[in-house]
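The lines below spell out each chain.
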Amino acid sequence: MNKIAVFASGNGSNFEAIVQESLKKDSTYQVVLLVCDHLDAYVTVRACKHNIPVFAFDPKNYADKQSYEQLIVNMCRSYGVQFIALAGYMRLLEKTLLNAYQNKIINIHPSLLPAFKGKNAIEQAIEYGVKVIGVSIHYVNLEMDAGEIIAQECFSTVGLKKEDIEIKIHQIEHQMYPQIINKLLKGEKNEKSVG
Ligand code: GRF
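Notes on the structure follow. Everything numeric here is computed off the predicted structure, so don't read it as measured data.

Description of the overall build of the chain
Helix and strand content of the chain: six helices and seven strands. Ordered by position from the N terminus, the helices and strands of the chain form the series β-α-β-α-β-α-β-α-β-α-β-β-α. Relative to the 2.2 N^0.38 estimate, which gives 16 Å for 195 residues, the radius of gyration of the chain is 16 Å and therefore close to what a compact globule would have. Projected onto the principal axes, the alpha-carbon positions of the chain cover approximately 50 × 40 × 30 Å. Every one of the 195 residues in the chain was classed for burial, and the buried ones make up 49%. Excluding contacts between residues fewer than 6 apart, the proportion of contacts in the chain whose partners are at least 24 apart in sequence is 64%. Put simply, the chain shows about 9900 Å² of open surface, and 50% of that area lies on carbon and sulfur atoms. Both charge centroids of the chain, one from 21 positive and one from 21 negative side chains, sit 4 Å from each other.

Here is the structure:
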């Protein structure tokens, strides 16, 4: 059984979906740690409900990013973490984490990358007037939302209100992210799918 950590900063609906999938019989992974950079984020409540250990920290309490990333690496190692899924973790990673978990850190982003990187991606895409919108899962590197794309799913926005689009994006995320994690951990070939 692969041991994974999820990093999140806020609500944690993707964290919840990843955990729910891990409880199924044929899951390849177990979530052994939540890392959260906001002490009062709702995702920490979700983790407690599932008895998943939480490392919650306030970056302001550390001299620099390297210091808290080293602590995170130590924490991950102490729980035997082999793979990391960022799920709404609102911080760029630096070398301390990236070198410790090379090619083992992925992220989910609510746009068809490389379009609409960064915050408020759904709003950015709607304001731009896109006719097709979607979700990307990618490897994490030093740049924001810029690592190699692993999988994408998309749908037409025509006739949909902003609220409908947001709901659909999250539905896709919740189904897609656990599936891709399972596939990667099974060693199956990466997918780049559209449709
Ligand atoms: C998701 O839309 C994800 O794609 C993005 O941040 C959001 C997190 O939502 N990276 P939640 O906290 O999982 O509900």
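Back to the write-up after that little detour.
Quick notes on the nonpolar core
Ile-4, Phe-15, Ile-18, Val-31, Ile-106, Tyr-177 and Ile-181 are the most contacted members of the largest nonpolar core, which has 40 residues in total. If one sorts the elements of this core by residue count, helix H6 (residues 162-186) sits on top with nine residues. With 21 residues, the next largest nonpolar core counts Ala-5, Val-73, Leu-93 and Val-140 among its residues.

Let's talk about the site of the ligand
The local shell around the ligand consists of Asn-11, Gly-12, Ser-13, Asn-14, Gly-88, Ile-108, His-109, Pro-110, His-170 and Glu-173. Separating an oxygen atom of the ligand from a backbone N or O atom of Asn-14 is a distance of 2.8 Å. The separation between a nitrogen atom of the ligand and a polar main-chain atom of Ile-108 is 3.0 Å. Protein burial of the ligand: of its 370 Å² of free accessible surface, 83% is covered by the chains. When atom positions are compared with the pocket grids, the ligand is found to occupy the largest pocket. Of all the elements in the fold, those that place two or more residues in the shell around the ligand are helix H1 (13-22), strand S5 (105-109) and H6.

Re the packing of aromatic side chains
In this structure the tally under the stated criterion is six aromatic pairs. Judged by centre distance (5.5 Å) and plane angle (10°), the rings of Phe-55 and Phe-57 are stacked. With respect to class, Phe-55 is no different from Phe-57; both count as buried. Between Tyr-62 and Tyr-68 the ring centres are 5.9 Å apart and the planes differ by 65°, which places this aromatic pair in the edge-to-face class. Judged by its relative accessible area of 26%, Tyr-62 falls in the partly exposed class.

Some points on the side chain of Arg-46
Looking at the secondary structure, you find Arg-46 in helix H2 (residues 42-49). The contact partners of Arg-46, leaving out residues within four places of it in the chain, are Asn-11, Gly-12, Ser-13, Phe-15 and Glu-16.

As for the layout of surface pockets
To find the voids left in a structure, one rolls a probe of water-molecule size over its atoms. Approximately 800 Å³ is the volume attributed to the largest pocket. Within the lining of the largest pocket, the residues separate by chemical class into 13 nonpolar, 14 polar and seven charged.

Regarding the environment of Gln-102
Within the secondary structure, Gln-102 sits in the loop between helix H4 (95-100) and S5. Remark: the alpha-carbon pair of Gln-102 and Asn-141, spanning 39 residues in sequence, is separated by 9.1 Å.

A short note on the sheet that holds strand S3 (residues 54-56)
Taken in spatial order, the seven strands line up as S3-S2-S1-S4-S5-S6-S7 in an open sheet, and their pairing is mixed. The open sheet is flanked by S3 and strand S7 (149-156), the only strands paired with a single partner. Geometrically, the sheet is characterised by an average inter-axis angle of 20° between neighbouring strands, direction not taken into account. Inspection of the sheet shows strand S2 (residues 29-36) paired to S3 by three bridges, in the parallel sense. Note that in S3 the partner of Val-35 across the bridge is Phe-55. Docked against the sheet, H1 engages strand S1 (2-8), S2, strand S4 (83-86) and S5, running at close to 160° with respect to S2.

Conventions we followed
- Residues numbered from 1 in each chain as written.
- Predicted model: local features only at pLDDT ≥ 70, side-chain atom pairs only at ≥ 80, totals over all residues.
- Heavy atoms only, no water.
- Helix = DSSP H or I, 4+ residues; strand = E, 2+ residues; numbered from the N terminus.
- Rg over C-alpha atoms; globule rule 2.2 N^0.38 Å.
- Buried < 20%, exposed > 50% of the residue type's maximum accessible area, 1.4 Å probe, protein only.
- Contact = heavy atoms within 4.5 Å.
- Areas by Shrake-Rupley, 256 points an atom, 1.4 Å probe, with all protein chains shown as cover.
- Lys, Arg positive; Asp, Glu negative; His and termini not counted.
- Charge placed at Lys NZ, Arg CZ, Asp CG, Glu CD.
- Core = buried A, V, L, I, M, F, W, Y, C linked by side-chain atoms within 4.5 Å.
- Near = heavy atom within 4 Å.
- Polar contact = N/O pair within 3.5 Å; in protein donor to acceptor, adjacent residues only side chain to side chain.
- 1 Å grid on protein atoms, 1.4 Å probe; cavity = no way out; pocket = protein on both sides within 12 Å on 5 of 7 lines; lining within 4 Å.
- Sits in = over half its atoms within 2 Å of the grid points.
- Phe/Tyr/Trp six-rings, centres within 6.5 Å; stacked < 30°, edge-to-face > 60°.
- Points joined across faces, edges and corners; volume = space filled by probe spheres on them.
- Nonpolar A, V, L, I, M, F, W, Y, C, P; charged D, E, K, R; others polar.
- Pairing = 2+ DSSP bridges.
- Axes fitted to C-alpha atoms, helices over the stretch in contact; angles between N-to-C directions.

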